[in-house]
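Residues per chain, in single letters:
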Amino acid sequence: MTRWVVLLAALAAFPWLAGEYYVNLTSQIFIAAIFAASLNLLVGYGGLPSLGHASFLGMAAYVSAWLALNLGLGHWATAPAALAVTVLMACAFGWIALRATGLGFLMITLALSQVLWGLGYRWVSVTNGDNGLSGLTRPAPFGINLDGAVAFYYFTLVVTIGAVWLMARLVASPFGATLRGTRDQPRRMAALGHNVWAIRWLTFVYAGFWGGVSGLLYVYYHKYIHPSSLALTSSAEGLLGVIAGGAGTLAGPLVGAGIIVILKNYASAYIERWNMLLGFVFLAIILFMPDGVVPGLRRAWARMRGGAK
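Starting afresh in each chain, residues are numbered from 1 along the sequence in its written order. For this predicted model, a pLDDT threshold of at least 70 governs which residues receive local features, and a threshold of 80 or more governs which side-chain atom pairs are given and counted, while totals over whole chains, interfaces and linings are taken from all residues. With hydrogens and water stripped out, all remaining heavy atoms of the structure feed into the side-chain values.

Participant: Would you mind going over the environment of S27 with me for this structure?
Facilitator: If you trace the backbone, S27 turns up in helix α2 (residues 20–43). Linking S27 and T156, residues 129 residues apart in sequence, is a C-alpha distance of 6.3 Å. In this text, helices come from DSSP runs of H or I with a minimum length of four residues, and strands from runs of E with a minimum of two, each type numbered from the N-terminal end.

Structural data, given as structure tokens:
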């Protein structure tokens, strides 16, 4: 508990100690952390690797942007509407994708996301094609202007804390234990009377909801949305973050998301082929910490404490 309090205190004080660039970078890490944590519900706790999670991020962002630009609706209306559409899409996608498991599930999620990605580029009357949707604004909750880097940082921090806490509560609940049971022993869980498909479907929808929340924060941050947000690379970056940080842990996706965003935004300013660097980093993690950074560091700390005794 003390460690979490210290971490929250450090995050609260961070904008007063760092420059605007690093404040904005950390805001992006928070957004990526929600995205990765929601994907971790499927990958880490459900045993369902997905390459289509960017569909939920992109759908929420596009619906919010389109409603604001074309209907002139305020954020009080566009945000709930975007999340509602994203959840309905997650219901449909889950119903289709969960007809398979393992590699089949991964390929179906990839195919569904590629359909949306293609629509993003081709349905010009709605998405504006390769030009994307621009001219967007940030919300002003309780009259607080979020255009500044510090204000938006605290906004994303609060949303991230709430999102991670709610996902942690799900994982720690009896439903979370049942979900892990469907991952490890699906046939035994079915024999015990559990509806394995329904458990996975509910988790898929819940993960899609939080993917949509990350999409809203994404479009608020950039004030712009482009079909690339629906691309395979967006889903792959989230999946890499989950695996690198440690699938099936609460802190793992958060750490993994930080690694991905830092390499993408910071290292790319100095290294032209930053994707190659990302590959080397990921390879090193897999070789030396096969379970991910967080489980690997926990084992190293346990060995150090054991050696000290």
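Participant: When you look at the packing of helix α4 (residues 75–97) against helix α5 (residues 102–122) in this model, what are you seeing that I'm missing?
Facilitator: A pair of packed helices is captured by two measures, namely the crossing angle of their axes and the spacing between those axes. Look at α4 against α5: their axes get within 9 Å of each other, and the N-to-C directions meet at 140°. Classed by the angle they form, the pair α4 and α5 counts as oblique. Judged by the twist between their axes, the crossing of α4 over α5 is right-handed. Contact residues: M89, F93, I96 and A97 in α4; F105, I108, T109, L112 and L116 in α5. The residue classification treats Ala, Val, Leu, Ile, Met, Phe, Trp, Tyr, Cys and Pro as nonpolar and Asp, Glu, Lys and Arg as charged. All others, Gly included, are polar. Here the contact of α4 with α5 is built from residues that sort into 8 nonpolar, 1 polar and no charged. Where helices are involved, their axes are fitted lines through C-alpha atoms of the stretch in contact, as for all axes, and angles between N-to-C directions lie from 0 to 180°. Orientation labels follow simple angle bins: below 35 degrees gives roughly parallel, above 145 gives roughly antiparallel, 65 to 115 gives roughly perpendicular, and whatever is left gives oblique. Should the near helix be turned counterclockwise from the far one by less than a right angle, the crossing is left-handed, whereas a clockwise turn marks it as right-handed. Residues count as neighbours in contact if any of their non-hydrogen atoms are within 4.5 Å of one another.

Participant: Even after reading the chapter, I still don't get the nonpolar core, so can you show me in this structure?
Facilitator: The nonpolar side chains of a soluble globular protein tend to be buried with one another. Definition of nonpolar core: a set of buried residues of the types Ala, Val, Leu, Ile, Met, Phe, Trp, Tyr and Cys, connected through side-chain atoms within 4.5 Å. A 1.4 Å probe rolled over the protein chains alone gives each residue an accessible area, and that area as a share of the maximum for its type sets the label: buried under 20%, exposed over 50%, partly exposed in between. Grouped together as the largest cluster of nonpolar side chains are 47 residues, with contacts concentrated most on F204 and Y220. When contributions to this core are tallied by element, the ones reaching two or more residues are α2, α3 (54–70), α4, α5, α7 (149–172) and α10 (196–222). Ranked by residue count, the leading element in this core is α10, at 10 residues. If we ignore the near neighbours within four places in the chain, the residues touching Y220 are S64, H75, A79, T137, R138, P139, F152 and F155. In terms of nonpolar packing, the next biggest core, distinct from the first, is built from 10 residues, L51, L110, V242 and A257 among them.

Participant: I keep staring at unusual backbone geometry and nothing clicks. Help me out?
Facilitator: The phi angle of most residues is negative, glycine excepted, and most peptide bonds adopt the trans form. The backbone of F142 shows a phi angle near 55°, a positive value even though the residue is not glycine. Secondary-structure assignment places F142 in the loop between α6 (124–127) and α7.

Participant: Help me understand the environment of G241, please; the structure alone is not making it clear to me.
Facilitator: Relative to the helices and strands, G241 is located in helix α11 (residues 232–245). Taking the C-alpha atoms as reference, G241 lies 26 Å from A151; in sequence the two are 90 residues apart. In contact with G241, not counting residues within four places along its chain, are G252, P253, G256, A257 and I260.

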